[in-house]
Amino acid sequence: MERNPLRRQLQIMRKSLFDQGYLDEQFVQLEELQDDSNPNFVEEVVTLYYRDSARLILNLEQALERKPYNFNKLDAYMHQFKGSSSSIGAKKVKAESTLFREYCKSGNGEGCMRCFQQLKKEYATLRKKLEAYFQLARQAGPMETACRPK
């Protein structure tokens, strides 16, 4: 068991992100790329994700304000967003993105709107949880090598 209380708290927080379905294996793969030469790699990738995905969220919001819906454009925006979300292991966000794309393919504008609202909630929740996680990680100091969640 970890002797450092902050480190132990960090392990518990990390495990809960996986147990609650917020993160998937891709996040672990990012962690495996982090090393002493770039100790903040994962945080930097996640920060870039949130900076870049904000533009895609805005594009989706604007496209959803225009009726009739351009489902091809909505699907293209969500395809980009889903790819970005997948790259950091944002499991719940990716799942909502997949559902949104299914609604686009079936021409279900109401489904798209409902799904987009849920997607934004999952996106914001994950952001808060990851910000807290990275803040605690900075306080706890450098981590050992990444390990797969149990």
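In case you missed it, the structure is sitting above this.
The following refers to the structure shown. Since we're looking at a predicted model, the values are computed, not measured.

Further remarks concern the pattern of salt bridges. If charged atoms from side chains of opposite charge come close, those side chains can pair. If you walk through the whole model with that rule in mind, you get 10 salt bridges. In this structure, the salt-bridge partner of arginine 51 is aspartate 52, at a minimum N-O distance of 3.3 Å. Connected through shared salt-bridge partners, Asp75, Arg101 and Lys105 make up one network.

Another aspect to go through is the packing of helix H1 (residues 5-19) against helix H6 (residues 109-140). Across the interface, H1 lies against H6 with an axial gap of 9 Å and an inter-helix angle of 155°. Comparing their axes, H6 and H1 come out roughly antiparallel. Note on packing geometry: the crossing formed by H1 with H6 is left-handed. Residues Leu6, Arg7, Gln9, Leu10, Met13, Arg14 and Leu17 of H1 touch H6, and the partners they reach there are Lys129, Leu130, Ala132, Tyr133, Leu136, Ala137, Gln139 and Ala140. Split into classes, the residues belonging to the contact of H1 with H6 amount to 10 nonpolar, 2 polar and 3 charged.

So, about the packing of helix H3 (residues 41-65) against helix H4 (residues 71-88). In the contact formed by H3 and H4, the axes pass within 10 Å of each other and the chain directions differ by 160°. If you check the angle between H3 and H4, you find them roughly antiparallel. H3 and H4 meet at a crossing whose hand is left-handed. Every residue of H4 that contacts H3 at Val45, Val46, Tyr49, Ser53, Leu56, Ile57, Asn59, Leu60, Ala63 and Leu64 is listed here: Leu74, Tyr77, Met78, Gln80, Phe81, Ser84, Ser85 and Ile88. Each residue belonging to the contact of H3 with H4 can be placed in one class, and the counts come to 13 nonpolar, 5 polar and no charged.

What counts, and where the lines are drawn
- Here the residue numbers are simple positions, counted from 1 along each chain's written sequence.
- Totals for whole chains, interfaces and linings use every residue, but because this is a predicted model, local features are given only for residues with pLDDT of at least 70 and side-chain atom pairs only at 80 or more, for both listing and counting.
- Calculated side-chain values reflect all of the structure's heavy atoms, with hydrogen atoms and water omitted.
- The salt bridge definition used is simple: a Lys or Arg side-chain nitrogen within 4 Å of an Asp or Glu carboxyl oxygen.
- Interaxial angles span 0 to 180 degrees and are taken between N-to-C directions of axes, which are lines fitted to C-alpha atoms, for helices over the stretch in contact.
- By the criteria applied, helices consist of DSSP H or I runs no shorter than four residues and strands consist of E runs no shorter than two, each listed in order from the N terminus.
- For classification purposes, an angle smaller than 35 degrees is called roughly parallel, one larger than 145 roughly antiparallel, one from 65 to 115 roughly perpendicular, and anything else oblique.
- Two helices cross in a left-handed way if the nearer one is turned anticlockwise from the farther one by less than a right angle. They cross in a right-handed way if the turn is clockwise.
- Contacts are assigned to residue pairs that have any heavy atoms within 4.5 Å of one another.
- Three residue categories are used. Nonpolar comprises Ala, Val, Leu, Ile, Met, Phe, Trp, Tyr, Cys and Pro, charged comprises Asp, Glu, Lys and Arg, and polar comprises the others, including Gly.

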